[in-house]
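Each chain, written out:
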Amino acid sequence: MPDDIAKNIKMIEFYKTELLSSLSFLYGAMFKGKSDDDITDALSDIVLTAYLLGKRLGMDYSEIDAHVLDKIHLQIIEGHEAEVWYKDLSSLKTHITGRGEW
């Protein structure tokens, strides 16, 4: 059991490092005008790592998904700029709920 705890802590630290690394890569790619593929790769790494970190912290993927939808709904109601100006949150909500996984 102590070995399992140590492994879990090690993975949490690994995912935290990966998250920061991916964010750093994203900022660098945007600053340097890298390709859309590089930016998409960095963004997908951030999303993937966030899910995996949540799992290591004891959350189910579906729990994270539900919180994301709740946040989207709340920000739509509160008139977040991304929604008011571009309807980005409504578009994201449609995308997520249309996948049938939520």
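Fair warning: this is a prediction, and the values are worked out from it, not measured in the lab.

### Considerations on the overall build of the protein chain
Link 1 in the chain: Summing up its helical and strand segments, the protein chain has five helices and zero strands in all.
Link 2 in the chain: Written out in order from the N terminus, the α and β elements of the protein chain read α-α-α-α-α.
Link 3 in the chain: Since a compact globule built from 102 residues should have a radius of gyration of about 13 Å, the 16 Å found for the protein chain marks it as more spread out than a globular shape.
Link 4 in the chain: Principal-axis analysis of the C-alpha atoms gives the protein chain an extent of 50 × 35 × 25 Å.

### Section: a nonpolar patch on the surface
Link 1 in the chain: Together, Met1, Ile5 and Ile9 make up an exposed nonpolar region whose accessible area comes to about 350 Å².
Link 2 in the chain: Among the structural elements, Met1 can be located in the segment before α1 (2–31).
Link 3 in the chain: What makes Met1 exposed here is its relative accessible area of 74%.

### Regarding unusual backbone geometry
Link 1 in the chain: The backbone of Lys87 sits at a positive phi, close to 60°, despite the residue not being glycine.
Link 2 in the chain: In this structure, Lys87 sits in the loop between α4 (81–86) and α5 (88–98).

### Some words on the environment of Val84
Link 1 in the chain: Along the chain, the position of Val84 falls in helix α4.
Link 2 in the chain: Taking the C-alpha atoms as reference, Val84 lies 41 Å from Ile9; in sequence the two are 75 residues apart.

### Quick look at the environment of Asp88
Link 1 in the chain: Relative to the assigned elements, Asp88 resides in helix α5.
Link 2 in the chain: Judged by relative accessible area, Asp88 falls into the partly exposed class, the value being 41%.
Link 3 in the chain: Separated by 69 residues in the primary sequence, Asp88 and Leu19 have C-alpha atoms spaced 24 Å apart.
Link 4 in the chain: Asp88 has contacts with Ala82 and Glu83, leaving out every residue within four places of it along the chain.

### Overview of helix α2 (residues 36–56)
Link 1 in the chain: Over its 21 residues, α2 extends 30 Å from the first C-alpha to the last, a length consistent with the 30 Å expected when each residue adds 1.5 Å.
Link 2 in the chain: Looking at the buried positions of α2, the neighbouring elements they touch are α1 and α3 (61–77).

### Description of the packing of aromatic side chains
Link 1 in the chain: Applying the stated criterion across every chain yields a total of three aromatic pairs.
Link 2 in the chain: Measuring from ring centre to ring centre gives 5.8 Å for Phe14 and Tyr15, while their planes differ by 55°; the resulting arrangement is tilted.
Link 3 in the chain: In this structure Phe14 comes out as partly exposed when scored by relative accessible area, which is 43%.
Link 4 in the chain: On the basis of relative accessible area, Tyr15 is assigned to the buried category, the value being 12%.
Link 5 in the chain: Arranged with centres 6.4 Å apart and planes meeting at 85°, the rings of Trp85 and Tyr86 form a pair that is edge-to-face.
Link 6 in the chain: Classification of Tyr86 as exposed rests on a relative accessible area of 59%.

Conventions adopted
- Residues numbered from 1 in each chain as written.
- Predicted model: local features only at pLDDT ≥ 70, side-chain atom pairs only at ≥ 80, totals over all residues.
- Heavy atoms only, no water.
- Helix = DSSP H or I, 4+ residues; strand = E, 2+ residues; numbered from the N terminus.
- Rg over C-alpha atoms; globule rule 2.2 N^0.38 Å.
- Patch = residues over 30% accessible without salt bridge, like charges linked within 9 Å, V, L, I, M, F, W, Y side chains within 5 Å.
- Areas by Shrake-Rupley, 256 points an atom, 1.4 Å probe, with all protein chains shown as cover.
- Salt bridge = Lys/Arg side-chain N within 4 Å of Asp/Glu carboxyl O.
- Buried < 20%, exposed > 50% of the residue type's maximum accessible area, 1.4 Å probe, protein only.
- Contact = heavy atoms within 4.5 Å.
- Expected span 1.5 Å × (residues − 1).
- Phe/Tyr/Trp six-rings, centres within 6.5 Å; stacked < 30°, edge-to-face > 60°.

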